[in-house]
Amino acid sequence: MNGLSMHRVRLLLRNHVVSEYRSMLTPFAAIAILILLQSLVTDSYAERSSGMYDGWFGAVLLFWGVIVASRAFREMHDKTTNEAWFLLPASSAEKTLARALHVSVTFVLMQLAFFTLLAPVVELVTWIVAGKQHGLFNPFSAFTMSNWLNVLVAQAVFFLGSAWFRSLPLMKTVLSVALVTLVFFIVGSMLFGAIVSSAGPSAWSHLMLMLFGFTADNPGAVSDHLAGRGLGALLYYFVLPGFCYYVAWLRVKETQVSDGI
């Protein structure tokens with residue numbers, strides 16, 4: 001089946017969420033218990049607003065989100081379920097888009113809803129039991145949005161790993177990222193040495209300013225980088241995820257043709 005129908009994408013997304021939500025109840029319950037226990041044993045810091053919940057949200061969104069992304073195409077690679085996957089009345093683009101939306105949008109919205117609803121309950125119980133407060137979770141804070149942007153990049157990389165690797169996608173993706181990072185570090189070091197030796201340190205500063213919006217002498221704040229200053233931010237937050245999702249679609253398309261029934 002070819003083409004792209006948003007109606008079929010919506011049905012695929014709905015079916016996937018329905019099939020997955022029960023397996024998410026236990027982790028949600030465990031996280032809620034841990035947050036409640038921390039709230040009861042730590043001192044009150046209402047002046048820091050949602051500091052406790054921000055930390056939990058960032059950690060859960062990153063680590064759980066990476067796991068969800070690395071399992072996006074497990075049915076496609078599993079010999080016991082790939083036949084049903086290939087026979088789904090949808091194109092490879094629709095299957096890829098449905099899983100991408102689940103990883104990058106639906107999962108994030110579920111986490112936002114969970115922490116938004118959990119915080120008042122935890123605060124009420126903590127106030128009744130221990131007479132303490134820790135503030136509420138703000139789903140629209142700049143910290144929350146910056147967390148989502150960074151996790152979106154990480155999820156895109158592991159989403160590609162899930163489509164590319166037939167077994168152990170999480171571990172193989174981590175090793176691949178480590179290898180690519182090492183190569184970039186070596187190439188960057190060589191480039192730095194070549195530029196500094198030929199054009200002087202000022203040329204390197206101008207290159208950093210063009211790519212990332214900061215220099216070694218004036219690194220700036222993290223919030224400035226997240227706001228999109230420099231070409232590097234554009235490449236990191238938009239081009240890299242888009243490239244990963246595109247290659248993942250090509251991989252799904254190739255697998256559908258070569259292994260499909």
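The rules behind each value
Residues numbered from 1 in each chain as written. Predicted model: local features only at pLDDT ≥ 70, side-chain atom pairs only at ≥ 80, totals over all residues. Heavy atoms only, no water. Helix = DSSP H or I, 4+ residues; strand = E, 2+ residues; numbered from the N terminus. Contact = heavy atoms within 4.5 Å. Axes fitted to C-alpha atoms, helices over the stretch in contact; angles between N-to-C directions. Parallel < 35°, antiparallel > 145°, perpendicular 65-115°, else oblique. Left-handed = near helix turned anticlockwise from the far one by under 90°. Nonpolar A, V, L, I, M, F, W, Y, C, P; charged D, E, K, R; others polar. Phe/Tyr/Trp six-rings, centres within 6.5 Å; stacked < 30°, edge-to-face > 60°. Buried < 20%, exposed > 50% of the residue type's maximum accessible area, 1.4 Å probe, protein only. Salt bridge = Lys/Arg side-chain N within 4 Å of Asp/Glu carboxyl O. pLDDT = per-residue confidence, 0-100. 1 Å grid on protein atoms, 1.4 Å probe; cavity = no way out; pocket = protein on both sides within 12 Å on 5 of 7 lines; lining within 4 Å. Points joined across faces, edges and corners; volume = space filled by probe spheres on them.

With that settled, consider the environment of Leu 61. Mapped onto the elements, Leu 61 comes out in helix H2 (residues 51-70). When the C-alpha positions of Leu 61 and Leu 112 are compared, they lie 9.3 Å apart, and in sequence the two are 51 residues distant. Contact partners of Leu 61, with chain neighbours within four places excluded, come to Val 66, Phe 107, Val 108, Gln 111, Asn 147, Trp 148 and Val 151.

As a further point, take the packing of H2 against helix H6 (residues 142-164). Relative to each other, H2 and H6 sit at 15 degrees, their axes nearing to 8 Å. When the interaxial angle is binned, H2 and H6 end up roughly parallel. Between H2 and H6 lies a crossing whose hand is right-handed. Taking contact as the criterion, the partners of Asp 54, Phe 57, Gly 58, Leu 61, Leu 62, Gly 65, Val 66, Ala 69 and Ser 70 in H2 are, on H6, Phe 143, Thr 144, Asn 147, Trp 148, Val 151, Ala 154, Gln 155, Phe 158, Phe 159 and Ser 162. Residue classes in the contact of H2 with H6 are distributed as eleven nonpolar, seven polar and one charged.

This part is about the packing of aromatic side chains. Enumeration according to the criterion identifies twelve aromatic pairs in this entry. Seen in terms of ring centroids, Phe 28 and Phe 114 are 4.5 Å apart; in terms of plane orientation they differ by 40 degrees. Their pairing is tilted. Of this pair, Phe 28 sits in helix H1 (residues 6-41) while Phe 114 is found in helix H5 (residues 92-130), placing the two residues 86 residues apart along the sequence. For the residue pair Phe 28 and Phe 114, the accessibility class agrees, reading buried in each case.

Its identity as a non-glycine residue notwithstanding, Leu 168 has a phi of 45 degrees, on the positive side. Using a relative accessible area of 53% as the deciding quantity, one classes Leu 168 as exposed.

Let's shift gears to the pattern of salt bridges. Summed over all chains, the structure comprises four salt bridges. For Glu 94, the salt bridge identified is with Arg 8, shortest N-O distance 2.6 Å. Of this pair, Glu 94 sits in helix H5 while Arg 8 sits in helix H1, placing them 86 residues apart in sequence. A relative accessible area of 0% places Glu 94 in the buried class.

Now for the confidence of the model for the protein. Looking at the protein, pLDDT values average 81 and 79% of them are 70 or higher. Long-range and interchain partners of residues 214-228, a stretch whose pLDDT sits below 50, account for 18 contacts in this model, where long-range means more than four residues apart.

What follows covers the environment of Ile 35. Relative to the elements of secondary structure, Ile 35 occurs in helix H1. Sequence-distant contacts of Ile 35, defined by excluding residues within four places in its chain, comprise Met 52, Tyr 53, Trp 56, Phe 115, Leu 118 and Val 122.

For the rest of this paragraph, the subject is the layout of surface pockets. Taken as a whole, the second largest pocket holds about 270 Å³ of empty space. Surrounding the second largest pocket, 16 residues form its lining, Leu 12, Asn 15, Trp 85, Leu 88 and Arg 99 being those nearest its centre. Among the elements of the structure, H1, helix H4 (82-86) and H5 are those that each provide at least two residues to the lining of the second largest pocket. A total of six residues in the lining of the second largest pocket trace back to one element, the largest contributor, which is H1. Tallied by class, the residues present in the lining of the second largest pocket amount to eight nonpolar, four polar and four charged.

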